[in-house]
Amino acid sequence: MLHAFAILLCLQLTGEALVRATDSPLPGPVIGLALLFVWLVARIPLPQATHETADGILKHLSLLFVPAGVGVVQQLPLLGAEGWKLAAIILVSIALSLAATAITFAAIAKFMQIDSEAPEGKRR
Amino acid sequence: MIDFVDLWVYLSGSPLLWLTVTLAGYIAADAISAACGRHPLANPVLISVVFISVVLVLSKTAFPNYFAGAQFIHFLLGPATVALAVPLYRHLPEVKRMFVPMIAALIVGSIISITSAVLLAKWLGLSKVATLALAPKSATAAIAMGVAEQIQGNPALTAVVVIMTGISGAIIVTPLMNALRLKNYAARGFAAGLVSHGIGTARAFQVNPLAGTFAGIALGLNGVLTAILVPLLLPWLLG
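Here is a short report on the structure shown in this document. (Residues numbered from 1 in each chain as written. Chains lettered and ligands numbered in written order. Predicted model: local features only at pLDDT ≥ 70, side-chain atom pairs only at ≥ 80, totals over all residues. Heavy atoms only, no water.)

A separate point is the overall build of chain B. Each helix and strand in chain B was counted, giving 13 helices and 0 strands. Counting from the amino terminus, helix and strand elements in chain B follow one another as α-α-α-α-α-α-α-α-α-α-α-α-α. Radius of gyration (C-alpha) of chain B: 20 Å, near the 18 Å computed for a compact globule of 239 residues. Based on the C-alpha atoms only, the size of chain B along its principal axes is roughly 70 × 40 × 30 Å. For chain B, contacts bridging at least 24 residues in sequence account for 69% of all contacts bridging at least 6. For chain B, the exposed area adds up to about 9900 Å²; of that, 73% sits on carbon and sulfur atoms. In chain B, the 12 positive side-chain charges and the 5 negative ones have mean positions that sit 24 Å from each other. (Helix = DSSP H or I, 4+ residues; strand = E, 2+ residues; numbered from the N terminus. Rg over C-alpha atoms; globule rule 2.2 N^0.38 Å. Contact = heavy atoms within 4.5 Å. Areas by Shrake-Rupley, 256 points an atom, 1.4 Å probe, with all protein chains shown as cover. Lys, Arg positive; Asp, Glu negative; His and termini not counted. Charge placed at Lys NZ, Arg CZ, Asp CG, Glu CD.)

A few words now on the interface of chain A and chain B. Each partner contributes to the interface: chain A provides 72 residues, whereas chain B provides 91 residues. For the pairing of chain A and chain B, the buried interface totals around 7300 Å² over both sides, and the portion due to carbon and sulfur atoms is 83%. Applying the counting criterion to the chain A and chain B interface returns 1 salt bridge. The interface formed by chain A and chain B includes 8 residue pairs in polar contact (both at pLDDT 80 or more). Among the elements of the structure, α1 (2–22), α2 (28–41), α3 (50–59), α4 (61–64), α5 (66–75) and α6 (83–111) of chain A are those that each provide at least two residues to the side of chain A that touches chain B. In terms of residues, the side of chain A that touches chain B owes the most to one element, α6 of chain A, which gives 23 residues. Taken together, the residues of the side of chain A that touches chain B break down into 50 nonpolar, 15 polar and 7 charged. (Buried area = accessible area lost by both parts, 1.4 Å probe. Salt bridge = Lys/Arg side-chain N within 4 Å of Asp/Glu carboxyl O. Polar contact = N/O pair within 3.5 Å; in protein donor to acceptor, adjacent residues only side chain to side chain. Nonpolar A, V, L, I, M, F, W, Y, C, P; charged D, E, K, R; others polar.)

Let us now look at the nonpolar core. In terms of nonpolar packing, the biggest core is built from 101 residues, with Leu36, Leu64 and Phe105 of chain A together with Tyr66, Leu134, Phe190 and Phe214 of chain B touching the most fellow members. Considering each element in turn, this core owes the most residues, 12 residues, to helix α13 (residues 209–238) of chain B. Here this core spans two domains, and each of domain 1 (1–59) and domain 2 (70–124) of chain A adds at least three residues to it. Leave out the neighbours within four places in its chain, and Leu36 of chain A touches Leu8, Leu11 and Leu46 of chain A together with Val82, Ala83, Ala85 and Val86 of chain B. (Core = buried A, V, L, I, M, F, W, Y, C linked by side-chain atoms within 4.5 Å. Buried < 20%, exposed > 50% of the residue type's maximum accessible area, 1.4 Å probe, protein only. Domains from an automatic or database assignment.)

Moving on to a nonpolar patch on the surface. The grouping of Phe111 and Met112 of chain A together with Phe99 and Val100 of chain B at the surface amounts to a nonpolar patch, some 450 Å² of accessible area in total. Among the structural elements, Phe99 of chain B can be located in helix α8 (residues 99–123). (Patch = residues over 30% accessible without salt bridge, like charges linked within 9 Å, V, L, I, M, F, W, Y side chains within 5 Å.)

Let us now look at the packing of α1 of chain A against α2 of chain A. Residues and elements named next belong to chain A. Put simply, α1 and α2 touch, their axes get as near as 7 Å, and they point 120° apart. When the interaxial angle is binned, α1 and α2 end up oblique. In terms of crossing hand, the pair formed by α1 and α2 is right-handed. Together, Ile7, Leu8, Leu11, Gln12, Thr14, Gly15, Glu16, Leu18 and Val19 of α1 and Gly28, Pro29, Ile31, Gly32, Leu35, Leu36 and Trp39 of α2 make up the contact between the two elements. When grouped by side-chain class, the residues that make up the contact of α1 with α2 number 10 nonpolar, 5 polar and 1 charged. (Axes fitted to C-alpha atoms, helices over the stretch in contact; angles between N-to-C directions. Parallel < 35°, antiparallel > 145°, perpendicular 65-115°, else oblique. Left-handed = near helix turned anticlockwise from the far one by under 90°.)

Keep in mind these values describe shape, not function.
Below is the structure:
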């Protein structure tokens with residue numbers, strides 16, 4: 001657990017350093033994600049608890065957004081008179097993009113006959 | 001007798017109080033969410049945020065005081081993002097198999113997310129600063145705020161729009177996908193992560209580990225694509 005957490009922090013730190021060094025638009029943790037992925041694919045040994053530690057953090061991913069969410073409530077006056085229009089646009093826009101993304105994905109997977117989620121009785 | 005004013009002065013000055021309130025608030029919200037059978041409206045982020053905000057107002061606590069404690073939780077977003085590599089690696093065979101649908105859905109979803117928001121804002125006559133905040137709304141907060149700076153928008157307002165997008169997407173994704181009769185959990189998770197970044201990914205992990213994995217991939221890919229597309233599409237959409 002301790003070693004695994006240290007690995008996660010080291011990779012994030014490396015990511016942050018690479019971002020500063022290369023002026024990359026990506027956040028450091030996303031680079032860290034890529035580094036850990038390469039590490040796993042290369043099958044370089046990792047502390048045993050890495051998988052459990054990662055699962056443990058991700059299980060409560062929602063918790064980690066709470067402080068930022070509270071910050072947003074404080075900033076709501078920034079929206080001013082446009083708040084309702086802004087909220088309506090967000091709702092319509094996300095409904096359209098959620099539907100378009102999922103339908104594109106599912107339709108192409110079905111066309112390629114790789115949609116493993118199909119219940120039994122359907123061809124793979 | 002304990003002097004409650006002294007006790008309050010002491011506690012409110014230390015990070016321990018607000019760290020504890022954040023954790024306890026989330027545990028209660030998560031229990032409510034579980035008791036509601038993980039109903040999408042009982043979103044644990046939304047419940048905790050409302051609860052803590054009410055406590056802050058009632059106790060007249062300023063946000064910087066709150067954040068002095070809550071920052072320890074906020075900080076974990078970094079290692080959690082790195083940790084997303086683990087489920088990604090674990091589901092690598094499915095991810096490889098779904099490569100073509102994923103890339104197609106990424107391009108379609110990212111373009112629709114940006115253009116629909118900007119065109120609706122233009123149609124409803126929104127101010128320039130609000131329109132600019134809407135453009136990168138589906139990227140993860142750190143990327144969206146960087147894009148906002150680049151296009152001369154307001155990063156703070158952008159962060160508000162990003163979190164609103166995250167929470168509302170996490171709430172509507174399940175009923176919307178059910179209404180569309182989509183049973184492909186890779187597709188459902190991918191859409192949740194693409195549109196609602198980390199908060200959508202958290203929701204997807206709550207529903208199904210495969211959905212969570214694809215949400216995590218979409219969060220990363222769409223963060224990058226939004227950073228590329230917004231500066232390219234914006235002059236054209238606003239012109």
